[in-house]
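Residue strings, one per chain:
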Amino acid sequence: MKTSLIAALTMLTLTTFFLSGCGTIPTRNPLPEALGDQAQIPGIPRAKFWGDETPNFAGAVLGQSREKLKAQFPGIMGRTHHYLALSGGGANGAFGAGLLAGWSATGTRPEFTMVTGISTGALIAPFAFLGSAYDAQLKEMYTAYSTKDLVIKHSLLNALTGSSAVSTAPMRKMLAKYINQAVMEAIAAEHRRGRRLFVSTTNLDAKRPVIWNIGRIAVSGHPDALALIHQVVLASASIPAVFPPMLIEVEAEGKPYDEIHVDGGTASQVFLYPASMDWKQVLEKLEVPGTPEVYVVRNSPLNPDWETVHPSILPIANVSIDSLIRTQGIGDMYRIYLDCQRDGIDFNLAYIPEGFDATPKEDFDPVYMGKLFDFAYELAKEGYPWSDAPPGF
């Protein structure tokens, strides 16, 4: 999240103490709390599950016979596993995009068994999942668009009386261009092989992370599957109060409701799988040889920037939120590392190093993003020095 977006969020938050109104706030049919665990997407069962607990269907899957598992996971059973976890970071997603493209250039980039993404990582994830053939699309997404190409700023009055500071209609169009029917069908084909693509949002009513099985949505054959994928990816990148939230229709006990979803980074900056899952059992059941590897890409620097703060309310709030996001991301990396230590997975971490010192002139500055993409590309092409532990370990 860049400083001006943080400023917008802070201004909106502070102003709600003094102003209220109806604006363009959408009408809701909210899901009752008592039905929170039952709600599913109509026609697409198990499209989503809570990100902070083991999904209730996991036991049934792991309880299947070897023959059924081979039929369900034909492309990953009995093979070495490689996982990729992509963090949030706004325009700094250009780092992850460039890193993947440079990795492709070395000829050593693996096929990822599982890819997860949050926020800007959710935008990268479908293309990282599909492989090196989609590097050109990633580069274009992160170097050819400026702020005005992605969002439309509302007037101050509309922002204060509505649900967001900007409209993301242009970003919706961009998503429709890149995540199209052909891409969805390619994701579906890989899902049938057993590979998995997950994107995380935050259910704002529940204040809990939700993990979406994008491949399962893609193979569903539902007429609205592609539109739902667009909703989920956009929701994952929707900074609360700055970008509009996504109202997603669900069903529980045969009745329609809606859930309100926002930026997955509200709950965490990067994820691999729920910490409560017995991943050793997963590896055993899928007969995975050797030691699996996870590659965590943190689309931001790890070290804080020194900034002389003016002692007034907005600068103090802005820097405080920025610090909270940074430290949350570091905490998420520690959690993934400890899970990997417990489950016998090799941990590898990449992040924007101190050597990159360009400064963006706007939230989505194509010149800045182009420089960051090229910087990461060259790092990876020369052999990125992945860290085997988070800082301090």
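Predicted model only: the values in this text are computed from it and were never measured.

**Some thoughts on the overall build of the chain**
- Helix and strand content of the chain: 15 helices and 11 strands.
- For the chain, the C-alpha radius of gyration of 20 Å lies close to 21 Å, the compact-globule estimate for 393 residues.
- Here the C-alpha coordinates of the chain stretch approximately 60 × 55 × 40 Å along the principal axes.
- Looking at the 393 residues of the chain, the share that counts as buried comes to 53%.
- Here the contacts in the chain between residues at least 6 apart in sequence split such that 79% fall between residues at least 24 apart.
- When the accessible surface of the chain is totalled, it reaches about 17500 Å², and 56% of it is carbon and sulfur.
- The centroid of the 32 positive side-chain charges in the chain is displaced by 4 Å from the centroid of its 39 negative side-chain charges.

**Observations concerning the packing of aromatic side chains**
- A full pass over the atoms with the stated rule returns 15 aromatic pairs.
- Taking 4.9 Å as the distance between ring centres and 70 degrees as the angle between the ring planes, the aromatic pair formed by tryptophan 103 and tyrosine 295 counts as edge-to-face. In this pair, tryptophan 103 sits in helix 4 (residues 93–106) while tyrosine 295 sits in strand 10 (residues 293–301), placing the two residues 192 residues apart along the sequence.
- The exposure class of tryptophan 103 is buried, given its relative accessible area of 8%.
- Seen from their ring centres, tyrosine 273 and tryptophan 279 are 4.1 Å apart, and the 5 degrees between their planes marks the pair as stacked.
- In this structure tyrosine 273 comes out as buried when scored by relative accessible area, which is 5%.
- In this structure an aromatic cluster arises from ring pairing among Trp103, Phe112, Tyr295, Tyr384 and Trp386.
- Its guanidinium or amino end placed over the ring of phenylalanine 129, arginine 195 lies 4.2 Å from that ring's centre, counting from NZ or CZ.
- The lysine or arginine in question, arginine 208, covers the ring of tryptophan 50, its NZ or CZ lying 4.0 Å from the ring centre.

**Description of the environment of isoleucine 352**
- Mapping isoleucine 352 onto the fold places it in strand 11 (residues 346–352).
- The exposure class of isoleucine 352 is buried, given its relative accessible area of 4%.
- Here the alpha-carbon distance between isoleucine 352 and glutamine 281, two residues 71 residues apart in the chain, equals 34 Å.

**A word on the packing of helix 6 (residues 135–143) against helix 9 (residues 169–178)**
- The contact between helix 6 and helix 9 brings their axes to 12 Å, and the two run at 170 degrees. Considered as vectors, helix 6 and helix 9 are oriented roughly antiparallel to each other. Taken as a pair, helix 6 and helix 9 cross one another with a handedness that is right-handed. Of the residues in helix 9, those touching helix 6 at Gln137, Glu140 and Met141 are Met174, Lys177 and Tyr178.
- Its residues placed into classes, the contact of helix 6 with helix 9 shows 3 nonpolar, 1 polar and 2 charged.

**Quick word on the pairing of strand 6 (residues 196–203)**
- Counted residue by residue, strand 6 has 8 buried out of 8 residues, so it is predominantly covered.
- Residues Arg196, Phe198, Ser200 and Thr202 line one face of strand 6 and the alternating positions Leu197, Val199, Thr201 and Asn203 line the opposite face, and both faces are buried.
- Where strand 3 (residues 114–118) and strand 6 come together, 5 bridges link them in parallel fashion. Its bridge partner lying in strand 6, glycine 117 is registered against valine 199.
- By the bridge criterion, 6 bridges tie strand 6 to strand 7 (residues 208–213) in an arrangement that is antiparallel. Among the inter-strand pairings, asparagine 203 is bridged to a residue of strand 7, identified as arginine 208.
- Connecting the antiparallel pair strand 6 and strand 7 is a turn made up of 4 residues, with lysine 207 showing a positive phi of about 60 degrees.
- Bridge analysis of strand 6 against strand 9 (residues 255–263) gives 3 bridges, and the strand direction is antiparallel. When the bridges of strand 9 are listed, threonine 202 appears paired with valine 262.

Analysis parameters
- Residues numbered from 1 in each chain as written.
- Predicted model: local features only at pLDDT ≥ 70, side-chain atom pairs only at ≥ 80, totals over all residues.
- Heavy atoms only, no water.
- Helix = DSSP H or I, 4+ residues; strand = E, 2+ residues; numbered from the N terminus.
- Rg over C-alpha atoms; globule rule 2.2 N^0.38 Å.
- Buried < 20%, exposed > 50% of the residue type's maximum accessible area, 1.4 Å probe, protein only.
- Contact = heavy atoms within 4.5 Å.
- Areas by Shrake-Rupley, 256 points an atom, 1.4 Å probe, with all protein chains shown as cover.
- Lys, Arg positive; Asp, Glu negative; His and termini not counted.
- Charge placed at Lys NZ, Arg CZ, Asp CG, Glu CD.
- Phe/Tyr/Trp six-rings, centres within 6.5 Å; stacked < 30°, edge-to-face > 60°.
- Lys NZ or Arg CZ within 6 Å of the ring centre and 35° of its normal.
- Axes fitted to C-alpha atoms, helices over the stretch in contact; angles between N-to-C directions.
- Parallel < 35°, antiparallel > 145°, perpendicular 65-115°, else oblique.
- Left-handed = near helix turned anticlockwise from the far one by under 90°.
- Nonpolar A, V, L, I, M, F, W, Y, C, P; charged D, E, K, R; others polar.
- Pairing = 2+ DSSP bridges.

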